[in-house]
Amino acid sequence: MAMYIRVKRNKTTYFLQCDPTDKVLQIKEKLQTLIDQPVTDQRLILMPVEKVLDDSKTLADQQVENDAVVALTLRKVSELLLIKEFVEFSLEETLDEIEFLTIEAASIVNFESFVIADF
Amino acid sequence: MSGETVKLISAEGFEFVIDKKAACVSKTIHNMLTSPGSFAEREHGEVTFPEISTTILEKICQYFHWSLQYASHRCAYLCKLHLSVPSGKETEFHIEPELTLELMMAANYLHT
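Under an unreviewed UniProt entry, chain B has the name Elongin-C and belongs to Lithospermum erythrorhizon. UniProt, in its Pathway (unreviewed entry) section for chain B, records the words "Protein modification; protein ubiquitination." Looking at the Sequence similarities (unreviewed entry) heading of the UniProt record, one finds this comment for chain B: "Belongs to the SKP1 family."

Chain A appears in an unreviewed UniProt entry as Ubiquitin-like domain-containing protein from Lithospermum erythrorhizon.

**Student:** What's the story with the overall build of chain A in this structure? I'm lost.
**Tutor:** A tally of regular secondary structure across chain A gives 2 helices and 5 strands. Along its sequence from the N terminus, chain A presents helices and strands in the succession β-β-α-β-β-β-α. In chain A, which comprises 119 residues, the share counted as buried stands at 27%. At a minimum sequence separation of 6, the contacts of chain A that also span at least 24 residues come to 51%.

**Student:** Looking at this model, I keep getting lost on helix α2 (residues 27–34) of chain B. Mind explaining?
**Tutor:** Side chains three or four residues apart in an α-helix point the same way, a direct result of the helix having 3.6 residues per turn. Within α2 of chain B, the full set of buried residues consists of T28, I29 and L33 of chain B. Projected down its long axis, α2 of chain B carries its buried residues within an arc of 125 degrees, all on one side.

**Student:** What is the right way to read helix α1 (residues 24–35) of chain A from this model?
**Tutor:** All names here are of chain A. With 12 residues, α1 should cover 16 Å at 1.5 Å per step; its first-to-last C-alpha distance of 16 Å lies within 8% of that length. Of the positions making up α1, those classed as buried are V24, I27, K28, L31 and I35. Projection of α1 onto a plane perpendicular to its axis shows the buried side chains occupying an angular sector of 95 degrees, all on one side. Those residues of α1 hidden inside the fold are in contact with β1 (3–9), β2 (12–18), β3 (42–46) and β5 (68–74). Trailing α1 by a residue or two, D36 shows a phi angle of about 65 degrees, which is positive.

**Student:** I tried to follow the interface of chain B and chain A on my own but got confused; where do I start?
**Tutor:** A common measure of how large an interface is: the accessible area buried when the components associate. Between chain B and chain A, the contact holds 16 residues from the first and 17 residues from the second. For the pairing of chain B and chain A, the buried interface totals around 1,500 Å² over both sides, and the portion due to carbon and sulfur atoms is 51%. Across the contact surface, chain B and chain A share 2 salt bridges. In this structure, R6 of chain A and E58 of chain B form a salt bridge, with 2.7 Å as the shortest nitrogen-oxygen distance. Linking chain B with chain A are 9 residue pairs in polar contact (both at pLDDT 80 or more). Every element with two or more residues in the side of chain B that touches chain A is listed here: β2 (15–19) and α4 (54–80) of chain B. Looking at the side of chain B that touches chain A, the element that brings in the most residues is α4 of chain B, giving 6 residues.

**Student:** Just checking my understanding: could you explain the pairing of β5 of chain A for this structure?
**Tutor:** Each regular strand carries side chains that alternate between the two faces of the sheet. Residues and elements named next belong to chain A. Note that β1 and β5 share 4 bridges and pair parallel. Across the sheet, R6 pairs through a bridge with V69, a residue of β5. Both β3 and β5 contribute to a ladder of 5 bridges, which runs antiparallel. In the strand pairing of β5, I45 is matched with A71.

**Student:** Mind showing me how you'd approach the nonpolar core here?
**Tutor:** General note: in soluble globular proteins, nonpolar side chains tend to be found buried as a group. Ranked by size, the top nonpolar core spans 22 residues in total, and within it L8, I18, I29, F49, I52 and I60 of chain B carry the most contacts. Of all the elements in the fold, those that place two or more residues in this core are β1 (5–9), β2, α1 (20–23), α2, α4 and α5 (100–110) of chain B. Top element by residues in this core is α4 of chain B. It accounts for 5 residues. Setting aside chain neighbours within four positions, we find F49 of chain B in contact with L8, I9, S10, A11, I29, M32, L57, Y109 and L110 of chain B. Ranked by size, the runner-up nonpolar core spans 19 residues in total, among them M3, V24, I27 and L44 of chain A.

The rules behind each value
- Residues numbered from 1 in each chain as written.
- Chains lettered and ligands numbered in written order.
- Predicted model: local features only at pLDDT ≥ 70, side-chain atom pairs only at ≥ 80, totals over all residues.
- Heavy atoms only, no water.
- UniProt positions renumbered as here; feature names shortened; annotations may be inferred.
- Helix = DSSP H or I, 4+ residues; strand = E, 2+ residues; numbered from the N terminus.
- Buried < 20%, exposed > 50% of the residue type's maximum accessible area, 1.4 Å probe, protein only.
- Contact = heavy atoms within 4.5 Å.
- Arc of directions from axis to C-beta.
- Expected span 1.5 Å × (residues − 1).
- Buried area = accessible area lost by both parts, 1.4 Å probe.
- Salt bridge = Lys/Arg side-chain N within 4 Å of Asp/Glu carboxyl O.
- Polar contact = N/O pair within 3.5 Å; in protein donor to acceptor, adjacent residues only side chain to side chain.
- Pairing = 2+ DSSP bridges.
- Core = buried A, V, L, I, M, F, W, Y, C linked by side-chain atoms within 4.5 Å.

Below, the structure written as C-alpha cells:
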C-alpha cells in the first residue's frame, strides 16, 4: 500500500491504506466493512477543497494524495419513506379495528335474533 | 476486517481507527493488544489514552503509517541506492515545532 487517507466523520477518524490507482468505490467498500453502511449511502468529500469524490474515478484522478483528509457523510433515511411506513401501519390498525367491530356487531345481531326467536 | 483494525481514543474522546499492523509500530500498544489474559483492550481492540490529546494522537497515527511506508524499507532501500540517496524532502515526516514536546512525551510512553 503506497499511501493512506484519513476519513473523518463526527469524532472518528479512519486511517485507510490505499493506492493512488484505487477507485473511490473501492475505498467505500473498505469503509462498508468498518461502519456497516452500504456503499450507496456514503459520500466522500475531499477536504479542504470540499470536492465530492466520484465513485468511478481513481484517487489520483481527483488529486487525493497521501495523508489527505476526506469527510464522510451518510444518506439520511428518506422522510417520505418514514411517512409511507406510518400510513401503512395506521391503515393496518384501522382494518383490524373494522374487523373487530364487524365480529362484535355480528354477535350482537345473532344474540338478538336468538332472543326474538325465544319468544 | 474488524479483527485487523484497532481503535485508539484520545483524552477528548476522539477515535482513530487504524490497522493493527500500524498500531503495533508502538511496542506499548503491541504489548497491550497481545498480552495474555482477556484484557478489555484485546477483546474489543480499543485502547483509551486519557493523557494524550487529539492532535498528538492523530500525529502519532500519521507517524505509524509513515513508519510502515518508509522506515522498514529504508535500510534496504538506502543500501541499494547508496549513490543516489534521495534528498528526503518528499519522505520526511513533518512535525510542527509546537507539538514537539508533547509528541516526545507520548513517544516515550508508547515506545516508538
